[in-house]
Amino acid sequence: MTTDSSGDVRLSGIGKTYGAFTAVHPLDLTVPQGSFFALLGASGCGKTTTLRMIAGLEEPSSGTVHLGDQDVTALPPYKRPVNTVFQSYALFPHLDIFENVAFGLRRRGIKSVKKQVEDMLELVQLGEQARKKPHQLSGGQQQRVAVARALINHPKVLLLDEPLGALDLKLRRQMQLELKRIQTEVGITFVHVTHDQEEAMTMADTVAVMNAGRVEQLGSPTDLYENPQTTFVANFLGTSNLIEAEVDTKNGDDIVLRAGGGKLVLPEARCSAPTTAGGKVLVGVRPEKISLTHADDAGEIPEGRNRITGRIAHSSFIGVSTQYVIDSQVCPEFEVYAQNIERDPRLTPGADVVLHWSPVHTFGLDAAQDIDAGIDEQAAV
Amino acid sequence: MATLTEAPPPPPPASPPAPSAPEKKPPRKRGRLTPYWLLLPGLLWLVVFFALPMIYQASTSVQTGSLEEGYKVTWHLATYWDALSEYWPQFLRSVLYATAATVLCLVLGYPLAYLIAFRAGRWRNLIMVLVIAPFFTSFLIRTLAWKTILADSGPVVSFLNTVHVLDVTDWLGWTSGDRVLATPLAVVCGLTYNFLPFMILPLYTSLERIDVRLHEAAGDLYATPLTTFRKVTFPLSMPGVVSGTLLTFIPAAGDYVNAELLGSTDTRMIGNVIQTQFLRVLDYPTAAALSFILMAAILLMVTLYIRRAGTEDLV
């Protein structure tokens, strides 16, 4: 990676409307040179439209697109130094693999393409398949041809539109690592569109979570997961337990909240909502951060941890962990993932338990939002 | 006939191969015959309306005699040679007119098919209906209508005259003087008009199958819209181009209605000759021989064309 900024993608106030429908609300976004950037969201959230506007396949209704210092907003796709890996690959069925990969080079008038094409096919491990037609290859191989066909042009930015959507799970995992390896090797800026949150988190340096034509939150995968700013991000990325609570007092850097009968502590820095005494806040905690103790041993729980009591509704053994659903007063379906290190045999459905977690793992969200935002979208994927 | 209906005697059910699979029942006889029963209507149709007439025609072509004395099979193959040496100009003219009409159909039909396939949006169905609509009227009526369109005092001719197009076409030998009717141009116009839908439909079918994302991919890979057409769209539409040109050329080469109604004695095509031989001169052997020569010539040309176009290499 370099400090060169010619591969920066800068979107300023870019938006797209179709008649009365707004696909993308005007947004500003900067993707730094050499980074692996993911646009994550459910279908119809505007992520693909945003990508197509960068590629020039869609004309923005407002705003500008810059690549480095160059304003490319008015340029047709064939004049932009970007290449796209299409969702269905869009390989040319009448050309063999070699000619598919050579297509971009030939269009730019490069005569001796043989060496370059062969090297590129080597990079994606398809050297043997050069003279085959696309339909003779498997899905994973076609996907690699699509990547090779785009990368051979040394674009400033490579755009990937759900490139792994058509592959089965195992192959997808393999291609994720492969793409990440290629990106590190060539150092080109990658903008990757996906609806798969796991894919976005494993591959990207920076993820922008999109919802209904807007960027909900932008950050590193860890940041997004640990500090979600909206209920959509909290629910769409992994699972969150959200509890409605009322602000009680402030205690130094912490906020004390009332939920059900108990009190919960939330570090003020981890709360993205305004906090006034008596105001409502949604308190969130990830399922794997929670410890589960049988009610009989409640006295052994160290002081200073947030606690909630409940009863195990059901549990499922996954292997590495056990997933519990707890019925509690403050939240009807509280999820807890417990690692299978020392299993307490008393933790079976019907058992009374205390859930407890460290306040630093608690996050606070604006209670004015839909508490279930992002759940259906994730289920639909 | 009889041999055909009984044709495929199913091999007797093989005796169970070995005691290794004793429960395996031999396949039911009725089930194995089903495909042949399903083939039967089509085969019968072919025999009655294609094979038998062909045999009859072939035997006619090697007969000699006259209408009064009756015709007898004498294996007089010289009829073929005589027919060819007498009517080769009409053969040549048929090929030329049919080729001209096919090229015109392609030039006119391709943009329209492209428009319907990629640009028409919600107008697509309406335009398709308009393309097919002329078939609701008789072929003869439509061709007769062209007589009015191209009439000597009609607006088309006077317009062409005003802009001096007729001087050019006259010089080229396509029209004569101030007339369009009864000239090669009129016949080719009629052929083009009548066979245009046969060009548009297969073109549309193969264009419509092209994934528009291929256009986007080509644009993304630095191809200008023109290059995209040259390197992606056109090659992928080749199956449509080949079937469209065949569906236009073959009937156009054998057509006689257009030359009859819109042409003159100088624009007679081989179809007119065959028609005259059969219905006016009543020289059946010559007419049959001419039909066979036409068929052989078209088969030869089509084979060469398909070899050259190499469509089997396409998807």
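Rules behind the numbers
- Residues numbered from 1 in each chain as written.
- Chains lettered and ligands numbered in written order.
- Predicted model: local features only at pLDDT ≥ 70, side-chain atom pairs only at ≥ 80, totals over all residues.
- Heavy atoms only, no water.
- UniProt positions renumbered as here; feature names shortened; annotations may be inferred.
- Helix = DSSP H or I, 4+ residues; strand = E, 2+ residues; numbered from the N terminus.
- Buried < 20%, exposed > 50% of the residue type's maximum accessible area, 1.4 Å probe, protein only.
- Contact = heavy atoms within 4.5 Å.
- Areas by Shrake-Rupley, 256 points an atom, 1.4 Å probe, with all protein chains shown as cover.
- Pairing = 2+ DSSP bridges.
- Axes fitted to C-alpha atoms, helices over the stretch in contact; angles between N-to-C directions.
- Phe/Tyr/Trp six-rings, centres within 6.5 Å; stacked < 30°, edge-to-face > 60°.
- Lys NZ or Arg CZ within 6 Å of the ring centre and 35° of its normal.
- Buried area = accessible area lost by both parts, 1.4 Å probe.
- Salt bridge = Lys/Arg side-chain N within 4 Å of Asp/Glu carboxyl O.
- Polar contact = N/O pair within 3.5 Å; in protein donor to acceptor, adjacent residues only side chain to side chain.
- Nonpolar A, V, L, I, M, F, W, Y, C, P; charged D, E, K, R; others polar.
- Patch = residues over 30% accessible without salt bridge, like charges linked within 9 Å, V, L, I, M, F, W, Y side chains within 5 Å.

As annotated in an unreviewed UniProt entry, chain B carries the name ABC transporter permease and comes from Streptomyces griseoruber. The record in UniProt for chain B states the following under Subcellular location (unreviewed entry): "Cell membrane".

For chain A, the helix and strand inventory stands at nine helices and 20 strands. Dimensions along the principal axes, computed over C-alpha positions, put chain A at roughly 80 × 45 × 40 Å. Looking at chain A residue by residue over its 381 residues, the buried ones come to 53%. Excluding contacts between residues fewer than 6 apart, the proportion of contacts in chain A whose partners are at least 24 apart in sequence is 67%. With the model as given, the accessible surface of chain A reaches about 16700 Å², and the carbon-plus-sulfur share is 50%.

Turning to the sheet that holds strand β4 (residues 62-67) of chain A, a few remarks are in order. Residues and elements named next belong to chain A. The strand order β2-β1-β4-β5 describes an open sheet built from four strands, whose pairing is antiparallel. Of all the strands in the sheet, just β2 (21-31) and β5 (70-71) have a single pairing partner and so form its edges. In terms of strand pairing, β4 meets β5 through two bridges, oriented antiparallel. For His66, the partnering residue across the bridge sits in β5 and is Asp71. Contacts from helix α1 (residues 47-55) reach β1 (9-18), β2 and β4, with the element oriented near 120° to β1.

What follows deals with the packing of aromatic side chains. According to the stated counting rule, one finds 16 aromatic pairs over all chains in the structure shown. With a centroid separation of 5.9 Å and 55° between ring planes, the pair formed by B:Tyr71 and B:Tyr284 is classed as tilted. With a gap of 213 residues between them, B:Tyr71 in strand β2 (residues 70-73) and B:Tyr284 in helix α14 (residues 284-309) connect regions that are remote in the sequence. Classification of B:Tyr71 as partly exposed rests on a relative accessible area of 22%. When the ring of B:Phe278 is compared with that of B:Tyr284, the centres are 5.8 Å apart and the planes differ by 35°; the resulting orientation is tilted. Looking at B:Phe278, the relative accessible area reads 24%, which means it is partly exposed. Through a chain of ring-to-ring contacts, three or more aromatic side chains come together here, namely B:Tyr110, B:Tyr114, B:Phe118, B:Phe229 and B:Phe234. Here the guanidinium or amino end of A:Arg149 rests over the ring plane of A:Phe92, the centre of that ring lying 4.9 Å away.

With that out of the way, let us pick up the interface of chain A and chain B. Opposite the 23 residues of chain A that make contact, chain B presents 21 residues. Summing the contributions of chain A and of chain B, the shared interface buries around 2000 Å²; its carbon and sulfur component is 65%. Looking only at chain A, the three residues that lose the most surface to chain B are A:Tyr78, A:His94 and A:Arg107, adding up to 32% of its buried area. Taken together, chain A and chain B are joined by one salt bridge. In this structure, A:Arg52 engages B:Glu216 in a salt bridge whose closest nitrogen and oxygen atoms are separated by 2.6 Å. Taken together, chain A and chain B are joined by seven residue pairs in polar contact (both at pLDDT 80 or more). Secondary structure elements with two or more residues in the side of chain A that touches chain B: α1, β6 (82-85) and α2 (97-107) of chain A. When the residues that make up the side of chain A that touches chain B are grouped by side-chain class, the tally is 11 nonpolar, six polar and six charged.

A separate point is a nonpolar patch on the surface. The grouping of B:Tyr36, B:Leu39, B:Leu43, B:Trp45, B:Leu46, B:Val48, B:Phe49, B:Phe50, B:Leu52 and B:Ile55 at the surface amounts to a nonpolar patch, some 1000 Å² of accessible area in total. Relative to the helices and strands, B:Trp45 is located in helix α2 (residues 29-61).

Let us now look at the pattern of salt bridges. Residue and element names in this part refer to chain A. Taken as a whole and assessed by the stated rule, the structure comprises 25 salt bridges over all chains. The closest approach of N and O atoms between Glu58 and Arg52, which form a salt bridge, is 2.8 Å. In this pair, the class of Glu58 matches that of Arg52, namely buried. A salt bridge links Asp96 to Arg131; the shortest N-O distance between them is 2.6 Å. Of the two residues, Asp96 is situated in the loop between β6 and α2 and Arg131 in the loop between α3 (114-123) and α4 (139-151); the sequence distance between them amounts to 35 residues. For Asp96, a relative accessible area of 12% translates into the label buried. Take Arg131: its relative accessible area is 57%, and that puts it in the exposed class.

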